[in-house]
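Commentary on secondary and tertiary structure
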Amino acid sequence: MRHILILGGTTEARQLAAALAPLPGLRVTSSLAGRVSAPRLPVGEVRVGGFGGPAGLAHWLREHQVQTLIDATHPFARVISRNAAEAAAAVHVPLLALRRPSWVPVAGDRWHPVDSLEQAAAALPGLGRRALLTTGRLGLAAFAAVAGVHLVARSVEQPDPPLPPDLTVLLARGPFRLDGERAVFREHRIDVLVTKDSGGAATAPKLAVARELGLPVLIVRRPELPAGVPEVPDVAGVVGELGLDPGNVSSIGPGGEQHPEWST
Ligand code: NAP
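Residues numbered from 1 in each chain as written. Predicted model: local features only at pLDDT ≥ 70, side-chain atom pairs only at ≥ 80, totals over all residues. Heavy atoms only, no water.

**Some details on helix H2 (residues 53-63)**
- Buried within H2 are the following residues: Gly 56, Leu 57, Ala 58, Trp 60 and Leu 61.
- In this structure, the buried residues of H2 make contact with strand E1 (2-7), strand E2 (26-32), strand E3 (45-48), strand E4 (68-71) and helix H3 (78-91).
- In the stretch just after H2, Gln 65 is the one whose phi turns positive, near 50°. (Buried < 20%, exposed > 50% of the residue type's maximum accessible area, 1.4 Å probe, protein only. Helix = DSSP H or I, 4+ residues; strand = E, 2+ residues; numbered from the N terminus. Contact = heavy atoms within 4.5 Å.)

So this is what it looks like as structure tokens:
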């Protein structure tokens, strides 16, 4: 059996597990960080929790005789991607990254790209007075000192204190639809959007609403993948790179579903 470890926590990782797990000759294990109490579990074997840094991951790869490592984590999960590259190199296990493509601006967009949540927080007061923040509950701390802007933060689970003082929390789980997003912007009188460049269809409607309303968008650029890691944009790309017959894979297709752990 060829043992494949998928570092997951995304819709694409679940799609990949669903596509690969039924194939004969493959053993598929998905790994989740364990950030939320009740994650939606992938098909196949699942392990939960950190490995203990790159050395721990390398040990796990060796101990469980993993032949291929697939980093299908979120584009902003930079530590685990770095660890994956280091561990895979250490134990000579091939590594492949599955990354959904970035969002691309179209005519009418007023995007302000920044390199970090901290830069977004610094730029925010210059762009609006009522911000929709879809950067995830763990990123809220970066906005703690923002003054003069009411923050409407959307997340799946209640964020932990300390929280910014002028804050409304919207508990919601994607995917999000255009009409629902229009209502959020209207009801909360949003005049600026803050988002990471997560990519994917499930959370893209907010960008369309900002465009319709001519509103500025602070968009945090993705961190770079570690150098030398081959990257594919979707499940079909992984199937190709693994040399599997796509005809045997029943569930290849674009997602549309947002991972339950996060709001971005
Ligand atoms: P991170 O900062 O890159 O990683 C921090 C630590 O969490 C890693 O060092 C590792 O611990 C552990 N970890 C992360 N992903 C793991 C996985 N799939 N399996 C086992 N351990 C994992 O990660 P993060 O940004 O907090 O993201 C955590 C999880 O949420 C990832 O699975 C990611 O795909 C998902 N997610 C993240 C975002 C986001 O915006 N960051 C959005 C949607 C989903 P050890 O060093 O102990 O191994």
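**A few points about the domain arrangement of the protein chain**
- Examined at the domain level, the protein chain breaks down into domain 1 (2-101 + 225-248) and domain 2 (110-220).
- Just the C-alpha atoms count here: the centres of domain 1 and domain 2 sit 29 Å apart.
- Listed by partner, the interface residues are 9 residues for domain 1 and 10 residues for domain 2.
- In total, domain 1 and domain 2 occlude about 720 Å² of area from one another, counting both sides; carbon and sulfur atoms represent 48% of this.
- Per-residue buried area on domain 1 facing domain 2 is highest for Arg 35, Phe 76 and Arg 100; these three make up 52% of the total on that side.
- In this structure, the connection of domain 1 to domain 2 is made through 0 salt bridges. (Domains from an automatic or database assignment. Buried area = accessible area lost by both parts, 1.4 Å probe. Salt bridge = Lys/Arg side-chain N within 4 Å of Asp/Glu carboxyl O.)

**Observations concerning the packing of H2 against H3**
- Taken N-terminus to C-terminus, the directions of H2 and H3 make an angle of 50°; their axes are 8 Å apart at the nearest point. In terms of orientation, H2 and H3 fall into the oblique class. Handedness of the H2/H3 crossing: right-handed. Residues Gly 53, Pro 54, Leu 57, Ala 58, Leu 61 and Arg 62 of H2 form the contact with H3, whose participating residues are Asn 83, Ala 84, Glu 86, Ala 87, Ala 88 and Val 91.
- Here the contact of H2 with H3 is composed, by residue class, of 8 nonpolar, 2 polar and 2 charged. (Axes fitted to C-alpha atoms, helices over the stretch in contact; angles between N-to-C directions. Parallel < 35°, antiparallel > 145°, perpendicular 65-115°, else oblique. Left-handed = near helix turned anticlockwise from the far one by under 90°. Nonpolar A, V, L, I, M, F, W, Y, C, P; charged D, E, K, R; others polar.)

**Details of the environment of Asp 166**
- Turning to its location among the elements, Asp 166 is positioned in the loop between strand E8 (150-155) and strand E9 (167-171).
- For the pair formed by Asp 166 and Leu 132, sequence separation is 34 residues and the distance between their alpha carbons is 12 Å.
- Here Asp 166 is in contact with Val 149, His 150 and Leu 151, once residues within four sequence places are set aside.

**Observations concerning the side chain of His 74**
- Take His 74: it is sitting in the loop between E4 and H3.
- Overall, His 74 belongs to the buried group, its relative accessible area being 14%.

**A look at the nonpolar core**
- Counting residues in hydrophobic clusters, the biggest one holds 21 residues, and the most contacted among them are Ile 6, Leu 16, Leu 20, Ile 70 and Val 238.
- Contributions of two or more residues to this core are made by E1, helix H1 (11-20), E2, strand E5 (95-98) and helix H7 (235-241).
- Setting aside residues no more than four positions away along its own chain, Ile 70 makes contact with Ile 4, Leu 5, Ile 6, Leu 7, Leu 16, Leu 96, Leu 98, Val 238 and Leu 242.
- Core analysis: the second largest hydrophobic core is formed by 19 residues, Ala 120, Phe 143, Leu 151 and Leu 218 among them. (Core = buried A, V, L, I, M, F, W, Y, C linked by side-chain atoms within 4.5 Å.)

**Section: the pattern of salt bridges**
- Taken as a whole and assessed by the stated rule, the structure comprises 10 salt bridges.
- For Glu 12, the salt bridge goes to Arg 100, with nearest N and O atoms at 2.9 Å. Of the two residues, Glu 12 is situated in helix H1 and Arg 100 in the loop between E5 and strand E6 (110-114); the sequence distance between them amounts to 88 residues. You'll find Glu 12 and Arg 100 in the same group, each marked buried.
- Residue Asp 197 pairs with Arg 222 through a salt bridge whose shortest N-O separation is 3.8 Å. Within this pair, whereas Asp 197 is found in the loop between strand E10 (192-196) and helix H6 (205-213), its partner Arg 222 is found in the loop between strand E11 (216-220) and strand E12 (231-232), the two being separated by 25 residues in sequence. Take Asp 197 and Arg 222: they sit in the same class, and that class is buried.

**Some details on the sheet that holds E10**
- Across the sheet, 6 strands lie side by side as E6-E11-E10-E7-E8-E9; this open sheet has parallel pairing. What marks the edges here is a single partner per strand, and that holds for E6 and E9. Each strand of the sheet is rotated relative to its neighbour by a mean of 20°, with strand direction disregarded.
- Bridge analysis of strand E7 (residues 130-133) against E10 gives 3 bridges, and the strand direction is parallel. Bridge pairing in E10 links Ala 131 to Val 192. (Pairing = 2+ DSSP bridges.)

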